[in-house]
Amino acid sequence: MTAQVDCERALALLVDFLKHELPADVATAVEQHLEACRPCEQHARFEAKFVLVISQRLREESCPARLRAQILNALNHEDLSG
Amino acid sequence: MDAATTRRTSFDLEILPQLDLLYRVALRYTGEPAKAEDLVQDTMLKAYRAWERFQPGTSARAWLLAILRNTFINLYRREKREPVATDLDQIETHPQYRPSDASDPEGEFFDKIVDERILQGLDTLAPEFREVMVLSDVEGLPYAEIAQALGIPIGTVKSRLFRARKLMQANLYNHAVEMGYINPRSQA
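Residues numbered from 1 in each chain as written. Chains lettered and ligands numbered in written order. Predicted model: local features only at pLDDT ≥ 70, side-chain atom pairs only at ≥ 80, totals over all residues.

## As for the overall build of chain A
What counts, and what does not: Think of it this way: any DSSP run of H or I at least four residues long counts as a helix, any run of E at least two long counts as a strand, and we number them from the N terminus. A radius of gyration in this sense is built from C-alpha atoms; the matching globule rule multiplies 2.2 Å by the number of residues raised to 0.38. Field definition: a residue is buried when 20 or more other C-beta atoms are found within 10 Å of its C-beta, exposed when 12 or fewer are, and partly exposed for counts in between, with C-beta atoms placed from the backbone.
Helices and strands together make up the secondary structure of chain A, namely 4 helices and 0 strands. Going residue by residue from the N terminus, the α and β elements of chain A occur as α-α-α-α. Compactness check: chain A gives a C-alpha radius of gyration of 22 Å against a globular reference of 12 Å for 82 residues, more than 25% above the reference. Expressed as lengths along the three principal axes of its C-alpha atoms, the size of chain A is roughly 65 × 30 × 15 Å. Expressed as a percentage of the 82 residues in chain A, the buried residues total 20%.

## What to know about the overall build of chain B
The test is simple: For the purpose of contact definition, each residue receives a C-beta atom placed from its backbone, and two residues are in contact when these atoms lie within 7 Å.
What chain B contains, in helices and strands, is 8 helices and 0 strands. Listed by position from the N terminus, the elements making up chain B come as α-α-α-α-α-α-α-α. Among the 188 residues that make up chain B, the fraction classed as buried is 34%. Look at the contacts in chain B between residues 6 or more apart in sequence, and 72% of them connect residues 24 or more apart.

## Things to note about the confidence of the model for chain B
Rule in force here: As a per-residue quantity, pLDDT reports the predictor's confidence and falls between 0 and 100.
On average, residues of chain B carry a pLDDT of 87, and 84% of them reach 70 or more. Across residues 91-97 of chain B, where pLDDT falls below 50, the model places 11 contacts with residues more than four positions away in sequence or in other chains.

## Some thoughts on the interface of chain A and chain B
Filter applied, for reference: Any residue that is not Ala, Val, Leu, Ile, Met, Phe, Trp, Tyr, Cys, Pro, Asp, Glu, Lys or Arg is counted as polar, Gly included; the first ten are nonpolar and the last four charged.
Facing the 28 residues of chain A at the interface are 33 residues of chain B. When residues of the side of chain A that touches chain B are traced back to their parent elements, those giving at least two are helix H3 (38-57) and helix H4 (65-81) of chain A. In terms of residue class, the side of chain A that touches chain B is built from 13 nonpolar, 5 polar and 10 charged.

## Let's talk about the packing of helix H5 (residues 115-124) of chain B against helix H8 (residues 154-178) of chain B
Residues and elements named next belong to chain B. To keep things clear, this is the line we draw: Only C-alpha atoms enter the line fits that serve as axes; for helices the fit covers just the stretch in contact. Angles between N-to-C directions range over 0 to 180 degrees. Angle categories: roughly parallel below 35 degrees, roughly antiparallel above 145, roughly perpendicular from 65 to 115, and oblique for all the rest. Each crossing gets its handedness from the near helix: less than a right angle anticlockwise from the far helix is left-handed, clockwise is right-handed.
As a packed pair, H5 and H8 sit with axes 9 Å apart at the nearest point and diverge in direction by 135°. What the angle tells us is that H5 and H8 run oblique. Where H5 crosses over H8, the two elements pack in a sense that is right-handed. Between H5 and H8, the contacting residues are Arg117, Ile118, Gly121, Leu122 and Thr124 on the first element and Met168, Asn171, Leu172 and His175 on the second. Of the residues contributing to the contact of H5 with H8, the split by class is 4 nonpolar, 4 polar and 1 charged.

## Examining the nonpolar core
Note on soluble globular proteins: their nonpolar side chains tend to be buried together. Rules: Nonpolar cores are built from buried Ala, Val, Leu, Ile, Met, Phe, Trp, Tyr and Cys residues. These are joined into a set through C-beta atoms within 7 Å.
Ranked by size, the top nonpolar core spans 46 residues in total, and within it B:Ala26 and B:Met133 carry the most contacts. Contributing elements (two or more residues each) for this core: H4 of chain A together with helix H2 (19-30), helix H3 (33-49), helix H4 (60-77), helix H6 (127-138), helix H7 (143-150) and H8 of chain B. Element by element, the count of residues in this core is highest for H8(B), at 8 residues. Each residue touching B:Ala26, except ones within four places of it in the same chain, is listed here: B:Ala36, B:Leu39, B:Val40 and B:Leu68. Of all hydrophobic cores here, the second largest spans 8 residues; its members include A:Val5, A:Leu14, A:Phe17 and A:Cys40.

## Quick look at the environment of B:Thr124
Residue placement: B:Thr124 occurs in helix H5. Exposure remark for B:Thr124: the 11 C-beta atoms within 10 Å place this residue in the exposed category.

## Thoughts on unusual backbone geometry
One non-glycine residue, A:His20, lies in the positive phi region at around 55°. By secondary structure assignment, the location of A:His20 is in the loop between helix H1 (7-18) and helix H2 (24-36).

## What to know about H1(A)
All names here are of chain A. To be explicit about the condition: What a helix is expected to span follows from its residue count: subtract one and scale by 1.5 Å. Here the arc refers to the directions that run from the helix axis out to each C-beta atom.
Helix length check: H1, at 12 residues, gives a terminal C-alpha distance of 16 Å against a target of 16 Å (1.5 Å per residue), a fit within 8%. Taken together, the buried positions of H1 are occupied by Ala10, Leu14 and Phe17. Taken around the axis of H1, the buried residues stretch over an arc of 90°, which confines them to a single face. Looking one or two residues past H1, His20 carries a phi angle of roughly 55°, positive in sign.

Structural data, given as structure tokens:
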């Protein structure tokens, strides 16, 4: 029952679409548009690529073990004094 | 188990799994590991002392990130008061770059850019854009949790994210052209 999505609408919904934050029927309509429209599909691939690079490359650090131990110590100390 | 033990157990269960996320976000806020470590430690202690105020069933990481952000602002921004960007969300950005015009429409040039240069691009964004990009695109949080963590409406999260991406993409695209990773598109 969802109306068809044109290019303007597809591009407006693209960020939400790639974040999986659209209702299922709207997401399906966007997907159908992307399958049928090459410029929009390319645009979507570009955006998806960008987010993939950002998420993979900038999420490598983790909390140093020493800091983790310090925090646990501090929490234990709180428990004793509190 | 006594009440104190239960309290500690629930805190550990909900909050400790968020330490890596917390540390990375702290790094992006402070820009240096030593300050990030202090910020994370302060945040964790504040969170533990305020644990009664956390509502079970809501997002622990959004709650924790809100504490991190407030702690950061109180600790570090007090010193160097930046001008308040009152109409930040009204500023129209005009990135030159439109992906559909490019000689590399699917963005393969991103793969050639080194991590440090991507970080550098992130650092050039206004803090309000950077934090949205970090929480959404680096850490993958949904809009609702970002809005809660930053204390702004979901619509504002969306518009900041949109602009942050355009600015960041333009920045990386220009870098890729300068480095010769891609040919600049012909002026049509």
